[in-house]
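# Descriptive structure summary
As a plain string of letters, each chain reads:
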Amino acid sequence: MDYKDLAASLAKQCIKKGASEAEAYLEEGETLEIQVRNGDVESMKQAGLKGVGLRVFVKGRMAFAESSNFTEEALASIADKAVSLAKQTSFDEFNQLPAPSEKIAQPDIYDPNISKIALDEKISIAKKVEQLALKKHELIKRSLGAGFNNIEGTIHIVNSRGVSTSYKKSICSFGVAVIAAEKDIMQPGYFYSSASYFNLLKTPEEIATRAVDFALALLGGKPVKSQEATVVFDRRAGRGLLFGLIRAINGEQVYQKASFLADYLNKPIASELITIIDDGTMDKGIGSQPVDDEGVATRKKVIVDKGVLKMFIYNTYSAAKSGTASTGNATRRGYSSIPGIGPTNFYMENGATEPADIIKEVKNGLFIMATQGGGVNPVNGNFSTGAMGLWITEGKKTDPVANITLAGNIFDMLKGVDAVGNDLEFNGSIACPTFRVKKMIIGGM
Amino acid sequence: MAKKNLWQIPLSRRSFIGKGLKGGALLIATPSIMSDFFLMNRERAIAEIASATLAKEEIEKLLKVALAKGGEFSEIYVENRQSTSINMEEAKIKSVHYGISQGVGIRVIKGNKTGYAYSDDFIFGKLEEAAKVASYIAAGEMKTEEPISISKKKMPSYVKVQIPLESIVEEKKLNLVRKADAAARSYDKRILQAYIQYYDEIRGRVIANSQGLWVENKLPLLWFVVRALSSHEGKNHMGRKRLSEHSGFEFFQKYKVEEAAQEAAREAIAMLDAQEAPAGEMPVVIANAWGGVLVHEAVGHGMEADGVYRKSTIYADKIGKKVATPPVTLIDDGTLPNYRGTTDFDDEGTPGSRTVLVEKGILKGYMHDLLSAKLLKMEPTGNGRRESFRYYPIPRMTNTFMDNGPHTAEEIIKATKKGIFVQSLSGGSVNPATGQFNFDVREAYMIEDGKKTYPVRDATLIGRGFEVLENIDMVANDLGFGVGICGKGQAAEVTAGQPTIRIARNIKVGGTRA
């Protein structure tokens, strides 16, 4: 079945049934998940997936209907339903669908070889990384499992304003989790690699090493006294800051005045060392796609430029409402959801400092390696989280720390960044280098 | 309530198909066939769609194909879900969302291995293929198990329905949403925004396995959430109230949406006066009901039996040992009538049960699915759950709570010289290997000299589950439950409950005042 044609015909059906505008978002693909434990396959899941979401506007009123069932009856019923439900929602002049974009980037995001690789080879990658991790150190007592996953598929977006686009995308990943244990204390450590191309995955050796290093470094972590201290965020923990920013630059949160950044456009919100980019066009980027989830072309955007907030991110609705244009950031949680707003590849640009030097300059502080829970409150900018890491004394990493909280206000944090590392690494779509915050509050004993 | 699930390799947040898989569970809309748009033949078509299922012979054939490579257990899981969701924001009905999700999941178990495949096509050829794919997990074994002929089994019913959701027209649902919106906004002029979400679904399941089990049921689920955002002189707070049960529409006679809206608004206004929370260790009194997230995170996940056979939880090999103070009794009960976590039988066909996890401080049992029960040589407890046909089941909680104790909430506060009183939480997470948990506080007040004083904002509470359990020194008699969504690589509908309790030490507040 030609799914692009199906999407187009569904959008037309909605118009015929009385919609003023209609959009069909059809997604079809395949997924594979392999879990290995103690040298043997523990589970394997494989399936094809498809679904379509119809968004219709009837004279400015919106409704949405979706189905995983592609029989004629089911599809006719959701088209009917979408049109009839739309008559019951509120009129909103900003309920609009985007027009086709003139220029659409074609990032390289589909690896046709992934599906050609034999199942046995994928299984052996998972087995290998687990084997390597278990052998690395005598304190690594057991495996929590290793896995290999891949997902690929095609997205079709057709709307009644002429948007008609399809693209293919693939993502594969593998990783391992182990437990370090000494007497009664256990510490898990995990690491993974994910990439759009199979040959861009990291080696099992590297993944095993980083998983083991994490577990060993944090084993036996204890709390410290409550105090104010300098905090160095490693690349994993630092992402927590980015997640908080993502919610605050969401155009919808901004016009609802539910963002702590709402009044800060073109104002400095962070240290000059911080530049943050959102870019959906990066070749091989895990967050890349040629168009967003409404069919608007993605592009590279500077969100924060040397500390100054330059823009918010929008989908078509929120942009119309705010008197601006969509930034190509419409995001769905799959075919069955209405487009919201989200980042593509979202990262803090590299700074100039060696990560080792960032630590060397700290007399007394925390090197945070993982956060747990909490995060940034997008409404008021308060940051609070559980934290784990290593204490830094006279420029050296020393004892493991755990069972503490880290808190602060995000403006203080962002303005207090006084060093940014040159070690930016993408292992997903959100990334940052190592960075240091002059002062935060640690809640401990 | 997301659990850090370290043994599942996380896919990128942009794994769109993965999101499609999650999205499959958020389907909405009962086939509100009373809508006057529908013609008679459409109604029949929808009824057919709604009941897409498999005949006995088809199920038995698939069970057999799944075992052809030598598995010892096979299972067919058929799911039909139709749902409706209504969202109101900025005083407008933003959208109404209707969804259909149907499919078949086929599982094979051999030893400790699981093979799983699913199809959203009810075409027999495709299902046979899926059964073959699932069977590969057992490849290489010689013996083949013969599936037992399936026969229908009657199951207990803890979910009573008076007014079926299918009989409710959309307008009624829209009115509830509008009423809640008006109630939230009119509470106080400092309420800036109100967000109302209505969701209902009817989930039909047919479960059959090679041991001859064949069960089915259809359950309605309702979920209603009001969030209210207050704003005043640069300060703001989002208050929240959630309601949910497996129930018919009589739910809205039992729970008034206006009251829920006013509760959300009350919290939002009360917290405008919130000061910075202190940082450090101090006694914490946690109010009843949704405070039960503590139990869920700090302890519950650690007692799910998959962590036990993997030895990745601190509660492995501790049956019979003391894990908490004597006032602490923890129970997971899938039989509580109409509760959000009650589904009559789990997603493997095991009837729900009342499982005592900890009794007067002693660890008594775990929560099992069929696989963990088999591997640990214990009895299944009805905790094998899955988010949808796109997942195989794993041990999950249902309605998890700490039982009543001897004190009253007032006594507990009075007995606390200095500490923090937590009225409500927004969620939390746990690392079962270390016991490290956190939960995010929504509404809290300082306790000074045995009295609740000023509100404090935005603190994270952290601790280690076993340390907290060993330091609960007062438990009240006001057991209440809150409703939520638990995440463990896949979502599950749950409740969490507790009476008001005091944790005397070893719990830390992550405020900004050191």
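Below, the structure is looked at part by part. All values derive from a computational prediction rather than experimental measurement. (Residues numbered from 1 in each chain as written. Chains lettered and ligands numbered in written order. Predicted model: local features only at pLDDT ≥ 70, side-chain atom pairs only at ≥ 80, totals over all residues. Heavy atoms only, no water.)

Our next topic: the overall build of chain A. Secondary structure summary: chain A contains nine helices and 19 strands in total. Classification of the 445 residues of chain A by burial places 65% in the buried group. By sequence separation, contacts in chain A at least 24 residues apart represent 72% of the contacts at least 6 residues apart. Per element, the accessible surface of chain A, about 15500 Å² overall, is 49% carbon and sulfur. The distance from the centre of the 52 positive side-chain charges to the centre of the 51 negative ones in chain A is 3 Å. (Helix = DSSP H or I, 4+ residues; strand = E, 2+ residues; numbered from the N terminus. Buried < 20%, exposed > 50% of the residue type's maximum accessible area, 1.4 Å probe, protein only. Contact = heavy atoms within 4.5 Å. Areas by Shrake-Rupley, 256 points an atom, 1.4 Å probe, with all protein chains shown as cover. Lys, Arg positive; Asp, Glu negative; His and termini not counted. Charge placed at Lys NZ, Arg CZ, Asp CG, Glu CD.)

The subject of this paragraph is the overall build of chain B. Along chain B, the regular secondary structure elements total 12 helices and 25 strands. Taking all 514 residues of chain B together, the buried fraction comes to 65%. Sequence-distant contacts, at least 24 apart, represent 76% of the contacts inside chain B between residues at least 6 apart.

This part takes up the side chain of Glu-201 of chain B. Take Glu-201 of chain B: it is sitting in strand E5 (residues 191-209). Here Tyr-199 of chain B takes part through its side chain, which lies 2.5 Å from a polar atom of the side chain of Glu-201 of chain B. (Polar contact = N/O pair within 3.5 Å; in protein donor to acceptor, adjacent residues only side chain to side chain.)

The next point concerns helix H1 (residues 3-16) of chain A. Residues and elements named next belong to chain A. The end-to-end C-alpha distance of H1, which contains 14 residues, comes to 20 Å, matching closely the 20 Å that a straight helix rising 1.5 Å per residue would cover. Within H1, burial applies to Tyr-3, Leu-6, Ala-7, Leu-10, Ala-11 and Cys-14. One face of H1 carries all of its buried residues, which in axial projection span an arc of 135°. What points out from H1, more than 90 degrees from its buried face, is the exposed set Lys-12 and Lys-16. Considering only its buried residues, H1 is in contact with strand E1 (21-37), strand E2 (40-58), helix H2 (72-86) and strand E4 (140-159). (Expected span 1.5 Å × (residues − 1). Arc of directions from axis to C-beta.)

This part covers the interface of chain B and chain A. With 102 residues of chain B at the contact, the number on the chain A side is 113 residues. Contact between chain B and chain A buries roughly 8800 Å² in total, counting both sides, with carbon and sulfur atoms accounting for 55%. The interface formed by chain B and chain A contains seven salt bridges. Of the charged contacts in the structure, one is a salt bridge between Asp-121 of chain B and Lys-50 of chain A, with a shortest N-O distance of 3.0 Å. Where chain B meets chain A, there are 34 residue pairs in polar contact (both at pLDDT 80 or more). A total of 11 residues in the side of chain B that touches chain A trace back to one element, the largest contributor, which is strand E2 (residues 92-110) of chain B. Residues belonging to the side of chain B that touches chain A are distributed by class as follows: 43 nonpolar, 33 polar and 26 charged. As paired strands, E2 of chain A and strand E3 (residues 113-119) of chain B are joined by five bridges and run parallel to one another. By the bridge assignment for E3 of chain B, Met-44 of chain A is matched with Gly-115 of chain B. (Buried area = accessible area lost by both parts, 1.4 Å probe. Salt bridge = Lys/Arg side-chain N within 4 Å of Asp/Glu carboxyl O. Nonpolar A, V, L, I, M, F, W, Y, C, P; charged D, E, K, R; others polar. Pairing = 2+ DSSP bridges.)

Attention now goes to the packing of aromatic side chains. The tally for this structure, following the rule as stated, stands at 18 aromatic pairs over all chains. On the numbers, 5.6 Å between centres and 80° between planes, the contact of Tyr-3 of chain A with Phe-70 of chain A is edge-to-face. On the criterion of sequence distance, the pair formed by Tyr-3 of chain A in helix H1 and Phe-70 of chain A in the loop between strand E3 (61-67) and H2 is long-range, its members being 67 residues apart. Judged on exposure class, the residue Tyr-3 of chain A and its partner Phe-70 of chain A are both buried. Each residue in the set Tyr-198, Phe-224, Phe-249, Phe-251, Phe-252 and Tyr-255 of chain B is aromatic and connected to the rest through ring pairs, giving one cluster. In this structure, Arg-236 of chain A packs its charged tip against the face of Tyr-190 of chain A, placed 4.6 Å from the ring centre. Across the ring face of Trp-214 of chain B, the terminal group of Lys-152 of chain B is positioned such that the distance to the ring centre comes to 4.4 Å. (Phe/Tyr/Trp six-rings, centres within 6.5 Å; stacked < 30°, edge-to-face > 60°. Lys NZ or Arg CZ within 6 Å of the ring centre and 35° of its normal.)

This next bit is on the packing of helix H3 (residues 56-66) of chain B against helix H4 (residues 124-135) of chain B. Residue and element names in this part refer to chain B. It is at 8 Å that the axes of H3 and H4 come closest, and there the two elements cross at 30°. Between H3 and H4, the interaxial angle falls into the category roughly parallel. For the crossing formed where H3 meets H4, the hand is right-handed. Seen from H3, the contacting residues are Glu-58, Lys-61, Leu-62, Val-65 and Ala-66; seen from H4, they are Phe-124, Leu-127, Glu-128, Ala-131, Lys-132 and Ser-135. The class makeup of the residues in the contact of H3 with H4 is six nonpolar, one polar and four charged. (Axes fitted to C-alpha atoms, helices over the stretch in contact; angles between N-to-C directions. Parallel < 35°, antiparallel > 145°, perpendicular 65-115°, else oblique. Left-handed = near helix turned anticlockwise from the far one by under 90°.)

Residues and elements named next belong to chain B. Spatial ordering of the open sheet is given by E13-E12-E11-E16-E23-E22, a layout of six strands whose pairing is mixed. Both outer strands of the open sheet, strand E13 (362-363) and strand E22 (480-487), are each paired with one neighbouring strand and no more. Note that strand E16 (residues 399-402) and strand E23 (residues 491-498) share three bridges and pair parallel. Among the inter-strand pairings, Thr-400 is bridged to a residue of E23, identified as Ala-496.

Quick look at H4 of chain B now. All names here are of chain B. Helix length check: H4 (12 residues) gives 16 Å between terminal C-alpha atoms against 16 Å at 1.5 Å per residue, within 8%. Looking at H4, one finds that the buried residues are Leu-127, Ala-130, Ala-131, Ala-134 and Ser-135. All buried residues of H4 fall inside an arc of 140° around its axis, so they share one side. Lining the buried residues of H4 we find H3, E2 and E3.

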